[in-house]
Amino acid sequence: MTVVDSSTPGQTAGTRRAIYRASREAEARVLLLIDGFSRRKTGPRSLEGRVKLAKLDFLLRYPKHLGTVLTHRGLPDVARAELDEQDSPLESRMMRYRYGPWDPSYFAVLGSLVGRRLIEIVPAEGTNALGYRTTPAGSDLAERLTEDGAFDDVLGRILLLRRHLDLTGESLKRLLYELPEVGDATWHEELK
């Protein structure tokens, strides 16, 4: 007997539950993102909060939208053209939720990374929020992933994010709502 989830026509309950599971690709991408925002020359720092993490991950996963945001912030169109050409095969699409783009698998991804002691949750500097940073084991794994070459485009986008969009989660949310694909989407709609 097949159980149908009434919230999404044509999907079974098992298919619907799959969106909440962590994939190795998602874990690697989120680990690299957190590591990219955890390092600085004067010591460790953290990526402040889930809202910021989700907004940065959206821009990381959707290079075309990253190019649009960077162009609106005054970066040359050359960077945008390069980002528009990057292929970003997504294992799953993000959805529009109350605070903008969100991936239902974040809880599983973050839980897996914390459980395997690759990231840790720490008080974020200067706020009441919690932040994420890589542990020594997480930094070592991120370094090995960096050497692999398979994540070169992702790493290039992380550098752009760190250099040009290291803003608060709220500021990033406002920037993303200016994108019609995000601002005009209905709740739970897959973002393209």
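Before any of the text, the structure's been laid out above.
Residues numbered from 1 in each chain as written. Predicted model: local features only at pLDDT ≥ 70, side-chain atom pairs only at ≥ 80, totals over all residues. Heavy atoms only, no water.

A. Main features of the overall build of the protein chain. If you tally the helices and strands in the protein chain, you get 10 helices and 5 strands. Of the contacts formed within the protein chain by residues at least 6 apart in sequence, a portion of 68% connects residues at least 24 apart. On the protein chain, roughly 10,500 Å² of surface is accessible, and the fraction owed to carbon and sulfur atoms is 53%. (Helix = DSSP H or I, 4+ residues; strand = E, 2+ residues; numbered from the N terminus. Contact = heavy atoms within 4.5 Å. Areas by Shrake-Rupley, 256 points an atom, 1.4 Å probe, with all protein chains shown as cover.)

B. Examining a nonpolar patch on the surface more closely. On the surface, Val114, Ile121 and Leu130 cluster together to form a nonpolar patch covering roughly 250 Å² of accessible area. Position of Leu130 relative to the elements: it lies in strand E5 (residues 130–134). (Patch = residues over 30% accessible without salt bridge, like charges linked within 9 Å, V, L, I, M, F, W, Y side chains within 5 Å. Salt bridge = Lys/Arg side-chain N within 4 Å of Asp/Glu carboxyl O.)

C. Local environment of the sheet that holds E5. Pairing within the open sheet is antiparallel, and its 3 strands lie in the order E1-E5-E4. Because the sheet does not close on itself, it has two edges, and the strands there are strand E1 (47–48) and strand E4 (119–123). Sheet topology note: the E4/E5 ladder contains 5 bridges and is antiparallel. By the bridge assignment for E5, Glu120 is matched with Arg133. (Pairing = 2+ DSSP bridges.)

D. Up close: the pattern of salt bridges. The final tally for this structure, using the stated rule, is 11 salt bridges. Counted as one network, the salt bridges with shared partners bring together Arg45, Glu48, Lys52 and Asp166.

E. Structural context of the packing of helix H3 (residues 49–61) against helix H8 (residues 152–164). At a minimum axis separation of 9 Å, H3 and H8 run at an interaxial angle of 135 degrees. The pairing of H3 with H8 is recorded here as oblique in orientation. Helix-helix and strand crossings are classified by hand; for H3 and H8 the assignment is right-handed. Together, Leu56, Leu59 and Leu60 of H3 and Val154, Arg157, Ile158 and Leu161 of H8 make up the contact between the two elements. (Axes fitted to C-alpha atoms, helices over the stretch in contact; angles between N-to-C directions. Parallel < 35°, antiparallel > 145°, perpendicular 65-115°, else oblique. Left-handed = near helix turned anticlockwise from the far one by under 90°.)

F. Spatial organisation of the nonpolar core. Residues Val30, Leu33, Leu59, Leu161 and Leu165 are the most contacted members of the largest nonpolar core, which totals 40 residues. Put simply, the parts of the chain that give this core at least two residues each are helix H2 (24–38), H3, helix H4 (63–72), helix H6 (106–115), helix H7 (136–148), H8 and helix H9 (169–177). Looking at this core, the element that brings in the most residues is H2, giving 8 residues. When neighbours within four sequence positions are excluded, Val30 is seen to be in contact with Leu53, Tyr106, Val109, Leu110 and Leu113. (Core = buried A, V, L, I, M, F, W, Y, C linked by side-chain atoms within 4.5 Å. Buried < 20%, exposed > 50% of the residue type's maximum accessible area, 1.4 Å probe, protein only.)

G. Looking closely at the side chain of Glu27. Note that Glu27 resides in helix H2. At 2.8 Å, the side chain of Glu27 forms a polar contact with the side chain of Ser112. (Polar contact = N/O pair within 3.5 Å; in protein donor to acceptor, adjacent residues only side chain to side chain.)

H. Molecular detail of the packing of aromatic side chains. Applying the stated criterion across every chain, the model contains 1 aromatic pair. Cation over ring: Arg162 sits above Phe37, and NZ or CZ is 6.0 Å from the ring centre. (Phe/Tyr/Trp six-rings, centres within 6.5 Å; stacked < 30°, edge-to-face > 60°. Lys NZ or Arg CZ within 6 Å of the ring centre and 35° of its normal.)

I. Here's a closer look at H6. Listed in full, the buried residues belonging to H6 are Tyr106, Val109, Leu110, Ser112 and Leu113. Seen along its axis, H6 keeps its buried residues to an arc of 160 degrees; they face one direction. Along H6, exposed side chains directed more than 90 degrees from the buried face belong to Phe107 and Gly115. Arg117 occupies a position one or two residues after H6 and carries a positive phi of about 60 degrees. (Arc of directions from axis to C-beta.)

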